[in-house]
Amino acid sequence: MFDSLAKAARDGQASLMRGTTILAVRHAGEVVLVGDGQVSLGATVVKRSAVKIRHLHDGKVLTGFAGATADAFTLFERFETKLKDYNGNLIRSAVQLAKDWRSDKVLRRLEASMIVADQETTLLLTGNGDVIEPDDGLLAVGSGGNYALAAARALMRHAPELSARELALGAIGVAAELCVFTNDEFIVEQLSGDSPKLAGEESPRRPSGGE
């Protein structure tokens, strides 16, 4: 009985640590990932400035995660190894990671979702073996993901003159206003131009709309 209760508590804790928002925007020749900095444990904010976006493979690939931090770091390391094994081929690396994630006894217990992107492709990876490329260049994960995705689509349709960075920040700002597990401590990473130039930038601080 006590073992089953402990397991339920551990499983519940893992699921409660998923709260965040990561948004990928591919627009006007640019690729941007933006994420908030909040780490929540249940109804408690334990950190406001976590960095949930990384660049891999000499800055040619962007990755972002929603989920338990330790699990995400494990997946980052595995994915970086796949990129090396397949000479930076994003799709092949993603497919192989998804296969391992679903079939490996250890990996399939990891609680996270990942967005990965290079100059040509944006993909969503999950522990169910999913490797999904969006039709419109927009992807979002986390508890505020649907809010950010809806806002990004509206901005892309009605304000196409915005840059990818402006669009991403505007959309995740909407998510931060609506999702209590998403704050406004944004980190932005960008791939732009013919070469994989990376530019990281923190959003300007303003009075917090999140917890």
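Refer to the structure presented above.
One numbering rule holds for all chains: residues counted from 1, following each sequence as written. Totals for whole chains, interfaces and linings use every residue, but because this is a predicted model, local features are given only for residues with pLDDT of at least 70 and side-chain atom pairs only at 80 or more, for both listing and counting. Note that the side-chain values use all heavy atoms of the structure and ignore hydrogens as well as water.

Undergrad: Honestly, the overall build of the protein chain in this entry has me stumped. Any pointers?
TA: Looking only at helices and strands, the protein chain features five helices and 12 strands. Taking all contacts inside the protein chain whose residues are at least 6 apart in sequence as the whole, residues at least 24 apart take part in 60%. Surface summary for the protein chain: the accessible area is close to 10500 Å², and the carbon and sulfur share equals 51%. Numbering goes from the N terminus for both helices and strands, where a helix is a DSSP run of H or I of at least four residues and a strand is a run of E of at least two. Two residues qualify as a contact provided that any one of their heavy atoms is within 4.5 Å of a heavy atom in the partner residue. Note that accessible areas follow from Shrake-Rupley with a 1.4 Å probe, and for residues the cover is restricted to the protein chains shown.

Undergrad: Explain helix 4 (residues 145-158) to me, please; I cannot follow it from the model alone.
TA: In an α-helix, one full turn covers 3.6 residues, which means residues spaced three or four apart are oriented alike. Taking 1.5 Å per residue, 14 residues should reach 20 Å; helix 4 reaches 20 Å between its end C-alpha atoms and fits that length. To sort residues, take the accessible area from a 1.4 Å probe on protein chains only and compare it with the maximum for the residue type: under 20% means buried, over 50% means exposed, and anything in between is partly exposed. Among the residues of helix 4, G145, A148, L149, A151, A152 and M156 are the ones counted as buried. For helix 4, the angular spread of the buried residues around the axis is 165 degrees, confining them to a single face. Seen from the buried face of helix 4, the exposed residues on the opposite side, beyond 90 degrees, are N146, R157 and H158. Each element contacted by the buried residues of helix 4 is listed here: strand 1 (22-27), strand 10 (138-141) and helix 5 (164-178). One less than the residue count of a helix, multiplied by 1.5 Å, gives the span that helix is expected to have. Directions from the helix axis toward the C-beta atoms define the arc.

Undergrad: How do you make sense of the packing of aromatic side chains when you look at a structure like this?
TA: By convention here, two paired aromatic rings are described through the distance between centres and the angle between planes. What counts as a ring pair is set by centres within 6.5 Å for rings of Phe, Tyr and Trp (its six-membered ring), and what kind of pair is set by the plane angle: stacked under 30 degrees, edge-to-face over 60, tilted for all other angles. This structure, assessed with the given rule, holds three aromatic pairs. Aromatic side chains F65 and F73 sit 6.4 Å apart centroid to centroid with 70 degrees between the ring planes, which places their arrangement in the edge-to-face category. Classification of F73 by relative accessible area gives partly exposed; the value is 33%. Through successive ring pairs, a cluster of aromatic residues spans F65, F73 and F76.

Undergrad: Before we go on, may I ask you to explain unusual backbone geometry in this structure?
TA: Phi is mostly negative for residues that are not glycine, and the peptide bonds are mostly trans. Phi angles above zero are rare outside glycine, and A28 is one such case at about 55 degrees. Positionally, A28 belongs in the loop between strand 1 and strand 2 (30-35). Of note in the backbone geometry, N87 takes a positive phi value of approximately 50 degrees without being a glycine. Note on placement: N87 falls in the loop between helix 2 (69-85) and helix 3 (90-103).

Just geometry here; none of it tells us what the structure is for.
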